[in-house]
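Here's the letter readout for the chains.
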Amino acid sequence: MSENTFGHPLSGLGWNPRVETAFDAAARHSTHVLLPARVTEARRGAVGVRLPQHETASLAPAVRKAAETDPATAPTSGDWVAVRRSGDTWLVEAVLERSGTLVRQGVAKDSHDQVLAANIDAVLICEAADQGPNVGRLERFLSLAWTSGATPIVAITKAELAGERLPEVVELVESVTTGADVHTVSAHTGLGLEELAARLRPGATWVLLGTSGAGKSSLLNALAGKTVMETGAIREDRRGRHTTTHRQLIPMPGGALFLDIPGVRRIDVPGDESGVDRTFADINALAEQCRFRDCAHGDEPGCAVNAAVDEGELDTRRLERWYKLRREAEWNRSRGDARLRAERRKEWKKNDRHGREAARRKRGY
Ligand SMILES: Nc1nc2c(ncn2[C@@H]2O[C@H](COP(=O)(O)OP(=O)(O)OP(=O)(O)O)[C@@H](O)[C@H]2O)c(=O)[nH]1
Ligand SMILES: [Zn+2]
């Protein structure tokens, strides 16, 4: 299939050599004729896919079984899958290996992590200029974005509403976005749109993060030059009536794609510790200069973190938020690990029981 990569029917949907290799491997291992497809939305027990035409596909038994054991393996928005025709329907035979994934950690004790988006390249975090900005929230979104493996980019939206405060807002945002580029934009005046649009490289998959009303849909529509996503104002009008909340893969003029994931509005968990550390890279760099390798940044002599606080270079509130997010991420991970262990035990017990029953049948008693 390599000779077809250029001008591949799926190239407009983000098809690339990595996916091609994964697909070829899946196709080789199957006795069926498989086709590659990209998931646009996950529904209960089925998915919407592009082949490139829109189709609905059910999950093949092996894929469904895997998803029952570990919901994180179920095909989700942005996934590349191998499908086959079976009678009148399409079946997802395999979910291809993912690159960047946006994961919402299960919040309830026994709830599972949920993969909200797969194979993403960039996360556009929107924070409205007129409502803060809320730096703690930004740090949470950034931690999650870094954890995904995709590149976080911050958009300060509704810039014109900040008026004279804009420089102050930008400075505040930049003080907490170490390592991520910041774009100041307005969907209404067009400010900064050209620069941001220039980053929408062909075949790259983006997702939007930001609270409700942050201006995500408006920004996307302004970038697209047409309505590709309903804004809050329109949804208000239709409240009470049935509205579809299907996840979509929206092609943009520059050739990039946006995954519309309504669920992201409720994310407030920080991802894992690596994402948190990436978000607070400035503090980590300071910590490396502490005299003691295991410095807890308490009363230790030669603590570079405390020195930075004393000199007014590091805001104590940011330091406290770092501790807090680290604790949260650690706790989430340990809880996730405990759940995984419990599930494995259950699975072993089941297999063990099946094994014993099979042996009993064989023995005839
Ligand atoms: N003045 C001004 N208002 C804006 C701008 N962008 C969005 N808005 C307004 O802000 C409100 C929310 O915008 P949306 O684009 O719906 O926000 P959203 O983040 O998509 O919201 P959800 O879909 O609920 O997550 C709407 O009333 C928009 O008209 C802007 O650049 N300037
Ligand atoms: Zn220290």
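Conventions adopted
- Here, residues in each chain are numbered from 1, in the same order as that chain's written sequence.
- Ligands are numbered from 1 and chains lettered from A, in the order in which they are written.
- At least 70 in pLDDT is required for a residue's local features to be given in this predicted model, at least 80 for side-chain atom pairs to be given and counted, and no such filter applies to totals for whole chains, interfaces and linings, which use all residues.
- No hydrogens and no water enter the side-chain calculation; it runs on all heavy atoms of the structure.
- Note on terminology: a nonpolar core comprises buried Ala, Val, Leu, Ile, Met, Phe, Trp, Tyr and Cys residues joined through side-chain atoms within 4.5 Å.
- Burial classes follow relative accessibility: with a 1.4 Å probe on protein chains only, a residue under 20% of its type's maximum area counts as buried, one over 50% as exposed, and anything between as partly exposed.
- Helix and strand assignments follow DSSP, with helices taken as H or I runs no shorter than four residues and strands as E runs no shorter than two, numbered in order from the N terminus.
- Domain ranges listed in this record stem from an automatic or a database domain assignment.
- UniProt positions are given in the numbering used here, feature names are shortened, and annotations may be inferred rather than shown by experiment.
- In what follows, residue pairs with any heavy atoms lying within 4.5 Å of each other are defined as contacts.
- For Na, K and Ca the donor cut-off is 3.2 Å, while for other metals it is 2.8 Å, and in both cases only N, O and S atoms qualify; water is not among them, so sites may look incomplete.
- Donor angles set the geometry label: tetrahedral for four donors if every angle is between 85 and 135 degrees, square planar for four and octahedral for six if opposite donors exceed 155 degrees and the others are between 65 and 115, irregular for anything else.
- Pairing between strands is defined by DSSP: at least two bridges between them are needed.
- For helices, the fitted line uses only the C-alpha atoms of the stretch in contact; every axis is such a line through C-alpha atoms, and the angle between N-to-C directions lies from 0 to 180 degrees.

### Description of the nonpolar core
- Core analysis: the largest hydrophobic core is formed by 42 residues, its most contacted members being Ile120, Val123, Ile125 and Val207.
- The greatest single-element share of this core, amounting to seven residues, is contributed by helix 3 (residues 135-148).
- Of the residues that make up this core, three or more belong to each of domain 1 (2-97) and domain 2 (102-266).
- Formed by 22 residues, the second largest nonpolar core is a distinct cluster that contains Cys126, Leu223, Met229 and Phe258.

### Remarks on helix 6 (residues 216-224)
- Counting buried residues in helix 6 gives seven out of nine residues, a clear majority hidden from the surface.
- All of the buried residues along helix 6 are Lys216, Ser217, Leu219, Leu220, Asn221, Leu223 and Ala224.
- Trailing helix 6 by a residue or two, Gly225 shows a phi angle of about 75 degrees, which is positive.

### Remarks on unusual backbone geometry
- Of note, the amide linkage connecting Leu51 to Pro52 takes the cis form, showing an omega dihedral of 20 degrees.
- Inspection of the secondary structure puts Pro52 in the loop between strand 2 (46-50) and strand 3 (54-59).
- Here Gly132 and Pro133 are connected by a cis peptide whose omega angle stands at 0 degrees.
- Position of Pro133 relative to the elements: it lies in the loop between strand 8 (122-128) and helix 3.
- Positive phi, close to 60 degrees, is recorded for Asn119, a residue that is not glycine.
- Along the polypeptide, Asn119 turns up in the loop between strand 7 (114-118) and strand 8.

### What about the UniProt feature "binding site: Zn(2+)" (unreviewed entry) in the protein chain?
- Residues annotated by UniProt as "binding site: Zn(2+)" (unreviewed entry) correspond here to Cys290, Cys295, His297 and Cys303.
- Counting through the fold element by element, Cys295 comes out in the loop between helix 9 (281-287) and helix 10 (304-310).
- Excluding its chain neighbours within four sequence positions, the residues that come into contact with Cys295 are Cys290, Glu300 and Cys303.
- Structurally, His297 can be placed in the loop between helix 9 and helix 10.
- Residue His297 is classed as buried on the basis of its relative accessible area of 13%.

### With respect to the coordination of the zinc ion (ligand 2)
- Those donors, Cys290 (SG), Cys295 (SG), His297 (ND1) and Cys303 (SG), are the protein atoms that reach the zinc ion (ligand 2), and they lie 2.2 to 2.4 Å from it.
- Seen from the zinc ion (ligand 2), its four donor atoms lie at angles of 104 to 113 degrees, and the figure they make is tetrahedral.
- When the donors of the zinc ion (ligand 2) are listed by position in the chain, the intervening gaps give C-x4-C-x1-H-x5-C. Here the two residues Cys295 and His297 agree in accessibility, since each one is buried.

### Some words on the sheet that holds strand 5 (residues 89-95)
- In space, the five strands of this closed barrel follow the order 1-2-3-5-4, with mixed pairing throughout. Strand after strand, the sheet turns through a mean of 55 degrees between neighbouring axes, direction not considered.
- As paired strands, strand 2 and strand 3 are joined by five bridges and run antiparallel to one another. Opposite Val49, over in strand 3, you have Glu55 as the bridge partner.
- Taken strand by strand, helix 2 (residues 61-69) contacts strand 3 and strand 5, and its axis lies near 55 degrees from that of strand 5.

### Here's the deal with the sheet that holds strand 10 (residues 181-184)
- Ordered in space as 10-9-8-11-13-12, the six strands form an open sheet in which the pairing is mixed. What marks the edges here is a single partner per strand, and that holds for strand 10 and strand 12 (248-251). Recorded for the sheet is a direction-independent mean angle of 30 degrees between the axes of neighbouring strands.
- With four bridges joining them, strand 9 (residues 151-157) and strand 10 adopt parallel strand pairing. Opposite Ile153, over in strand 10, you have Asp181 as the bridge partner.
- Across the sheet, helix 3 touches strand 8, strand 9 and strand 11 (205-209), and the angle it forms with strand 8 is around 175 degrees.

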